[in-house]
Every structure is written in structure tokens, then in C-alpha cells.
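Take a look at the letters that make up each chain.
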Amino acid sequence: MDEGYANLPTSHLLGSVPAVTQDDRKPGVPAAQGATSRLQEFPPAPGGNGGGYRPPGAPADGDVENQANWKGYFNVASYAPYFNVDTDVVVDRLISSVYPMDGFYRKIDVNPDMYGPLWITTTLVFMLAAFGNFATYLMQKKKDPEIWNFDVGYFNWAASVMYGYAIVVPAVFFFLFQYFGSRPNLVRFWCMWGYSLFVFIPASVLLLIPVEFLRWVIIALSGGASSWFIVLNLKDCTQGADMMVLIASAAALQFALALFIKVFFFA
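These numbers were taken from a predicted model, which means no experiment stands behind them.

Peer 1: Explain the UniProt feature "transmembrane region" (unreviewed entry) in the protein residue by residue, including any values.
Peer 2: Within this numbering scheme, the UniProt entry marks residues 114–134, 154–177, 189–207, 213–232 and 244–265 as carrying the feature "transmembrane region" (unreviewed entry). Taken end to end, residues 154–177 comprises 100% helix and 0% strand; its first and last C-alpha atoms sit 33 Å apart. Helix makes up 100% of residues 244–265 and strand makes up 0%, while its end C-alpha atoms are separated by 31 Å.

Here it is, written out as C-alpha cells:
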């Protein structure tokens with residue numbers, strides 16, 4: 001090596017590349033944590049740090065408010081994370097819905113899903129319509145089986161009431177809780193109310209028993225269990241705030257749904 005180059009400082013040989021010290025190295029945010037946190041937004045952002053819908057090709061950084069796009073609400077990909085759930089997780093949440101002391105709201109705190117509520121509501125619609133007709137047949141068979149006809153209107157009523165209840169009621173209570181100072185999450189409310197309907201699926205099977213007294217006992221127990229599930233989870237949601245009037249209203253509405261199922265489909 002030439003003596004002139006040998007006398008140059010080492011930094012001159014390295015050029016303008018700065019040395020990275022141990023203090024400059026900052027740990028990054030784990031990818032899994034960022035992915036689960038996006039499930040708390042509605043609809044969740046397909047990429048980035050959440051905060052709104054980000055269309056394909058949008059920059060990963062910048063003002064989130066400028067990146068928000070109303071078209072994201074009509075994009076199927078925006079809702080895909082809510083249906084990306086394992087069977088074991090859904091089964092565990094179904095068990096927690098009939099055993100309210102198991103801390104259901106804490107289980108859906110990070111990753112609420114829409115898969116369970118969708119299929120619970122759809123299954124309940126078909127079971128109420130089919131078993132409601134069959135229960136009517138069993139009751140009328142003792143009197144005059146000739147006058148019984150299959151009522152297709154049960155499907156329309158079951159779909160309208162169940163889907164409407166599962167969508168509208170949680171949204172209404174979400175705005176009410178926000179109005180009175182609480183900070184709920186709409187997706188968690190939809191998830192919680194959807195799983196609260198699961199108890200009516202086995203109840204609809206037991207309501208086929210052609211004994212009127214037993215039917216009222218079954219619907220009272222299932223309605224009470226579903227209402228208690230709503231009460232316990234709303235208490236966890238409010239985090240000690242005084243919202244007992246709203247919580248009692250939600251429980252009463254849940255029990256009223258149980259009475260409607262008995263009176264309309266299994267009269």
C-alpha cells in the first residue's frame with residue numbers, strides 16, 4: 001500500500017457511511033402485536049399501524065387521516081381479519097357464552113371475531129323457522145292434524161328479527177354508552193351480542209317438547225342465562241363506571257327476545 005494512503009484516517013477510507021452504535025439500535029414492534037391491534041379498528045386497515053382503511057398502493061407512512069378512504073367500508077378485504085379465527089378459539093368462546101363467569105369480554109379484547117356471530121345467527125334463523133313449524137305440528141297433531149300447514153313466513157320473521165337484533169341493538173348501545181361517557185368498541189359489542197344468541201340454539205331443540213309448562217321453563221332459563229351473559233360482559237366493558245341503567249335495559253331487551261322466540265315460534 002502507498003505510504004500516502006497508509007497515513008489517512010480510517011474514517012476517510014470508509015467514506016461517508018456512519019458507524020452504528022449499540023445505542024442507535026432500537027427494537028421494533030413485533031409484527032403480531034401490530035396485526036392484532038388493527039382488529040380493534042373498524043374496519044381494520046390491511047397494512048400499517050391501523051387507524052383507517054388504506055387502499056392498495058398507498059404509502060405506509062404519512063397522515064392517517066389523509067389516507068382514510070370511505071371505499072374501505074365496501075371492500076371485502078377490510079373485513080377479512082374478523083373472520084380469520086381458529087376453530088378452537090370459536091369453540092372456547094361458545095363455551096364461555098354459556099358459562100358467563102369465564103371472562104368472555106377479556107377473551108375478545110384483542111381479537112374480536114365476526115365468524116362466530118354470523119354463523120350463530122344464521123343457524124338460529126333456520127332452526128327457529130324449521131323447529132317452530134315442527135313444534136306447531138306436534139301441538140296441533142293432538143287436536144286436528146288436517147288443519148296444519150308449513151308456514152314459510154317463519155323464515156322471513158326469523159331472519160328479520162335475528163339479523164336485525166344482532167346488528168342494530170349492539171350499535172344502539174354502543175352509541176348510548178359513548179354518549180354517557182364510556183369508551184366501548186363497536187366490533188366487540190357485535191361479537192359479544194352475537195355469541196349471546198348461542199344459548200337459544202340448544203333451547204330451540206328442547207322447545208320441541210310438546211309440554212307447554214316445560215317450554216316456558218326452558219325459555220326462561222335460556223333467556224336468563226343470555227341476559228346474565230350480557231350483564232357481566234357490559235360490566236367488564238364499563239370498567240367500574242355507573243351504567244347500571246343501560247346494563248339493565250340491555251338485559252331486559254335480551255330477555256324480551258327470549259319471550260318473543262317462545263310466543264311467536266313455539267306458541
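Peer 1: Explain the packing of helix α12 (residues 212–238) against helix α13 (residues 244–265) to me, and be specific about the residues and the numbers.
Peer 2: Where α12 meets α13, the closest approach of the two axes is 8 Å, and the angle between their N-to-C directions is 155°. By the angle between their directions, the pair α12 and α13 is classed as roughly antiparallel. Two packed elements cross with a definite hand, and for α12 against α13 that hand is right-handed. Its residues assigned to classes, the contact of α12 with α13 comprises 15 nonpolar, 6 polar and 4 charged.

Peer 1: For the side chain of K262, give the residues involved together with the corresponding values.
Peer 2: The topology assignment puts K262 in helix α13. What K262 contacts, discounting residues up to four positions off in sequence, is E212, R215, W216, I219 and A267.

Peer 1: So what's going on with the confidence of the model for the protein? Which residues, and what values?
Peer 2: Taken over all residues, the pLDDT of the protein has a mean of 76, while the share at 70 or more is 68%. Confidence scores differ between elements of the protein, with helix α4 (residues 64–67) showing the lowest mean pLDDT of 39 and helix α11 (residues 200–206) the highest of 94. Across residues 45–68, confidence stays below pLDDT 50; counting only partners more than four residues off in sequence or on other chains, it has 32 contacts.

Peer 1: I'd like to hear about the pattern of salt bridges, residue by residue, with values.
Peer 2: Applying the stated criterion across every chain, the model contains 4 salt bridges. Measuring nitrogen to oxygen at the nearest pair gives 3.0 Å for the salt bridge that ties K107 to D92. One end of the pair, K107, is in helix α7 (residues 104–107); the other, D92, is in helix α6 (residues 87–98), with 15 residues separating them in the sequence. When its relative accessible area of 25% is taken as the criterion, K107 is described as partly exposed.

The rules behind the values
Residues numbered from 1 in each chain as written. Predicted model: local features only at pLDDT ≥ 70, side-chain atom pairs only at ≥ 80, totals over all residues. Heavy atoms only, no water. UniProt positions renumbered as here; feature names shortened; annotations may be inferred. Helix = DSSP H or I, 4+ residues; strand = E, 2+ residues; numbered from the N terminus. Axes fitted to C-alpha atoms, helices over the stretch in contact; angles between N-to-C directions. Parallel < 35°, antiparallel > 145°, perpendicular 65-115°, else oblique. Left-handed = near helix turned anticlockwise from the far one by under 90°. Nonpolar A, V, L, I, M, F, W, Y, C, P; charged D, E, K, R; others polar. Contact = heavy atoms within 4.5 Å. pLDDT = per-residue confidence, 0-100. Salt bridge = Lys/Arg side-chain N within 4 Å of Asp/Glu carboxyl O. Buried < 20%, exposed > 50% of the residue type's maximum accessible area, 1.4 Å probe, protein only.

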